[in-house]
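Here are the chains, one letter per residue:
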Amino acid sequence: MNQPNEITMHLDHALSARGASIPPETSDPVFTLDNVSVYYSDYEAIRNVTLPIGRNEITAFIGPSGCGKSTLLRSFNRMNDLIPGAHLKGTVAYHGTDIYGPNVDPIEVRRKVGMVFQKPNVFPKSIYENVAYGPKVNGTKGNLDDLVEECLTRAALWNEVKDDLKKSAYALSGGQQQRLVIARCIAVKPEVILMDEPCASLDPLATAKIEDLMVELASEYTIIIVTHNMQQAARVSDRTAFFTAELDENEIRHGRLVEFGRTRELFSSPTDPRTEDYISGRFG
Amino acid sequence: MATNTVSETAEGLSLRQSRPRYGEKIIRFILALAAFVSIFTTFGIVISLLIPSIEFFMEVPITDFLFGTVWTPLFKNGEFGVIPLLSGTIVITLIAIAVAIPLGLGASIYLSEYASERVRKVLKPTLEVLAGIPTVVFGFFALEFLTQAILIKIFPEIEVFNALSAGLIMGVMIIPTIASLSEDAMAAVPSGLRDGAYALGSSKRQTAIKVVMPAALSGIVAAFVLGISRAIGETMIVTIAAGLQPQLSFNPLMGMQTMTSYIAAAGSGDLATGSIEYKSIFAVGMLLFLLTFLMNIFSIRLVRRFRQAYQ
């Protein structure tokens, strides 16, 4: 065991208060990745990842650019299917069912596994219609007012928009738009929420709001977040997976999972020197 | 040493006196001229239409022209009621729109949302070739093939010259305009919106219809309007396939004359310059100009409104 050194100390104060209650091993995984590799045509973007995702936990994926963490995130709801040539080896088991199995409808997967993107991608519709969109395409009939209010409240946006529900979502600020995207996502009642650098385009204040929201949502949802911001990973996540990009024997770069563990431990006493270098800011 | 450096710098900074650059001015003038040619032309057209039109309306009351239902300019004591020409234009344009909007929009959705990169690369240029076929060819195709080989078997009572064949073929002619411009508009929708829709469990159809199309609406509406403008202004197809009989009728199986085909037919005839028949060409031209002008204004408004709501 490494001693927490002075370089990693600055992350200590950020560590999530929830960390203490997280069991050392994931006992009740929602997702289990087994030897997952994701390819873009012939190029292997990320290789042989084996990883559990714990229920109602926040799992952070960190690592330098190009390490395949976003690619891996997009394999949890089969978003990579939309990229021509993308395919996957290994198993992504959701409650024991391989979501890449022959009888699995990717649309059903995406209803269970929602996603929030780097750039707030609100639809060119009213605030109300943005939240109501998911339930509508999923066949919910009738009055959605209550659901819209509930989701906007859960996303900590209701008080700011309740008088402007008919206004275009483009009128909102970036941080509000991102919370609207979160409200839109939970309106479909997913079990898992994937977040791909959700605060990358936001100012610190808006970022803080999203982070608070994430921690709150974790009581009901399982969250996986990709982030470049190590403080953010330390602040909000329960477990962290550190990825890096390495040259293989053929001099081709592949993303690899280096270390996975409780955020508290990974940040204070990383077992792999590459993790320590990265979180102490020596590379990446 | 130090003074030396300073003096060197000062020398390097010495500026030449400014001098006029005549070449720049000439280029600027030529480029501005190029930009203004279309504006001058438009003004020239308006003025050249206006004067004979005013002379025309001094002889024929404007109300007789706008509301009259008989168009017989070549008869002795001919009547100049433009309604039959207007109805011909409207009927044929409506048929063309009914063909071109669904097919053009469908093609654009297919191209932007469904087709693979390879299919799109072949299909889009092919579709655009259709826009390059001379309209006179479309006109003969409508008359010789569509009417004689197909329509006459379905509607035995159809006239040789009829609005239906002209409208259908005109619709085919403007499909590329609508498809290509709509496809451009939909392809410009950020892929983040599609990702967002798919991530909420939308099917391809739902993503295309409920997210991409509304986001591209201003471009799609602009494509429709341009297509409709082309239909209204189209001359050759209607002159050949719809005939030259001004008739106030909404039966597409009959021959009809449109405003454009009247202008083309009368203009190529041997009307005496200065005669009332001759002046009527300009009056009809003026009406046509005003109609398309109003439609363009309306469409610019419409596009702007959608853009405000969706941007």
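Predicted model, so just to flag it, every value in this text is computed and none were measured.

**Concerning the overall build of chain A**
Thinking step 1. Scanning chain A from N- to C-terminus turns up eleven helices and ten strands.
Thinking step 2. Relative to the globule expectation of 19 Å for 284 residues, the C-alpha radius of gyration of chain A, 19 Å, shows essentially globular dimensions.
Thinking step 3. Looking at chain A as a whole, 57% of its 284 residues qualify as buried.
Thinking step 4. Long-range contacts, defined as pairs at least 24 residues apart, comprise 72% of the intrachain contacts of chain A with a sequence gap of at least 6.
Thinking step 5. Approximately 12,100 Å² of chain A is accessible, and the part contributed by carbon and sulfur atoms is 50%.
Thinking step 6. Taking the 30 positively charged and 38 negatively charged side chains of chain A as two groups, their mean positions are separated by 5 Å.

**Thoughts on the nonpolar core**
All names here are of chain A.
Thinking step 1. Judged by nonpolar contacts, the single largest core of 51 residues is most densely connected at Leu152, Leu180 and Ile193.
Thinking step 2. Tallying contributions element by element places helix H7 (residues 174–186) first for this core, with six residues.
Thinking step 3. When residues no more than four places from it in sequence are discounted, the contact partners of leucine 180 are Val122, Ile127, Asn130, Val131, Leu152, Leu157, Ala169 and Leu172.

**Some remarks on the interface of chain A and chain B**
Thinking step 1. With 24 residues of chain A in contact, the opposing surface of chain B contributes 20 residues.
Thinking step 2. In this assembly, chain A packs against chain B so that about 1,700 Å² is buried in total across both faces, 64% of it on carbon and sulfur atoms.
Thinking step 3. Sorting the residues of chain A by area buried against chain B places A:Pro124, A:Tyr133 and A:Val137 first, and these three jointly supply 30% of that buried surface.
Thinking step 4. In this assembly, chain A and chain B are joined by one salt bridge.
Thinking step 5. Of the charged contacts in the structure, one is a salt bridge between A:Arg74 and B:Asp195, with a shortest N-O distance of 3.8 Å.
Thinking step 6. Where chain A touches chain B, the interface holds six residue pairs in polar contact (both at pLDDT 80 or more).
Thinking step 7. The set of elements that each furnish at least two residues to the side of chain A that touches chain B consists of helix H3 (106–112), strand E6 (113–116), helix H4 (127–137) and H7 of chain A.

**Notes on H4(A)**
Thinking step 1. When you tally the buried positions in H4(A), you get nine out of eleven residues, the bulk of the element.
Thinking step 2. Turning to H4(A), its buried residues number three or more, namely A:Ile127, A:Tyr128, A:Asn130, A:Val131, A:Ala132, A:Tyr133, A:Gly134, A:Pro135 and A:Val137.
Thinking step 3. The elements touched by buried residues of H4(A) are H3, helix H5 (145–154), helix H6 (158–161) and H7 of chain A together with helix H8 (191–199) and helix H9 (204–215) of chain B.
Thinking step 4. One or two steps after H4(A), the chain reaches A:Gly139, where phi turns positive at roughly 90°.

**Re the pattern of salt bridges**
Thinking step 1. Per the stated rule, a full pass over the model turns up 23 salt bridges over all chains.
Thinking step 2. Ionic pairing is found between B:Arg120 and B:Glu117, a salt bridge with its closest N-O pair at 2.8 Å. Of this pair, B:Arg120 and B:Glu117 both sit in helix H5 (residues 117–130), separated by three residues, roughly a single helical turn.
Thinking step 3. B:Glu117 sits in the partly exposed class, given a relative accessible area of 45%.
Thinking step 4. We note a salt bridge from B:Glu183 to B:Lys124, for which the minimum N-O separation is 2.8 Å. Note that B:Glu183 is positioned in helix H7 (residues 163–187) and B:Lys124 in helix H5, a separation of 59 residues in sequence. Each member of the pair B:Glu183 and B:Lys124 is classed as buried.
Thinking step 5. Where salt bridges share partners, they join A:Asp28, A:Arg55 and A:Glu191 into one cluster.

**Focus: the state of the cysteines**
Residue and element names in this part refer to chain A.
Thinking step 1. Scanning all chains against the criterion turns up zero disulfides over all chains.
Thinking step 2. Looking at the unpaired cysteine 185, the closest cysteine sulfur is the one in cysteine 151, lying at 9.5 Å.
Thinking step 3. A residue is classified by how much of its surface remains accessible, and cysteine 185, at 2% relative accessible area, is buried.
Thinking step 4. The structure places no disulfide on cysteine 199, whose sulfur is separated from the nearest cysteine sulfur, that of cysteine 185, by 14 Å.

**Focus on the sheet that holds strand E3 (residues 58–62) of chain A**
Whether parallel or antiparallel, the strands of a sheet pair through hydrogen bonds between backbone atoms.
Residue and element names in this part refer to chain A.
Thinking step 1. An order of E5-E4-E1-E2-E10-E9-E3-E8-E7-E6 is seen for the ten strands of this open sheet, with the pairing classed as mixed. Every interior strand has two partners, whereas the edge strands, strand E5 (97–98) and E6, have only one.
Thinking step 2. Bridge count between E3 and strand E8 (residues 222–226): four bridges; the pairing is parallel. Bridge pairing links phenylalanine 61 to valine 226 in E8.
Thinking step 3. Sheet contacts for helix H8 (residues 204–217): E3, strand E7 (192–196) and E8; angle to E8, the most-contacted strand, approximately 145°.

What counts, and at which threshold
- Residues numbered from 1 in each chain as written.
- Chains lettered and ligands numbered in written order.
- Predicted model: local features only at pLDDT ≥ 70, side-chain atom pairs only at ≥ 80, totals over all residues.
- Heavy atoms only, no water.
- Helix = DSSP H or I, 4+ residues; strand = E, 2+ residues; numbered from the N terminus.
- Rg over C-alpha atoms; globule rule 2.2 N^0.38 Å.
- Buried < 20%, exposed > 50% of the residue type's maximum accessible area, 1.4 Å probe, protein only.
- Contact = heavy atoms within 4.5 Å.
- Areas by Shrake-Rupley, 256 points an atom, 1.4 Å probe, with all protein chains shown as cover.
- Lys, Arg positive; Asp, Glu negative; His and termini not counted.
- Charge placed at Lys NZ, Arg CZ, Asp CG, Glu CD.
- Core = buried A, V, L, I, M, F, W, Y, C linked by side-chain atoms within 4.5 Å.
- Buried area = accessible area lost by both parts, 1.4 Å probe.
- Salt bridge = Lys/Arg side-chain N within 4 Å of Asp/Glu carboxyl O.
- Polar contact = N/O pair within 3.5 Å; in protein donor to acceptor, adjacent residues only side chain to side chain.
- Disulfide = S-S within 2.5 Å.
- Pairing = 2+ DSSP bridges.
- Axes fitted to C-alpha atoms, helices over the stretch in contact; angles between N-to-C directions.

This is a description of form; function is not addressed.
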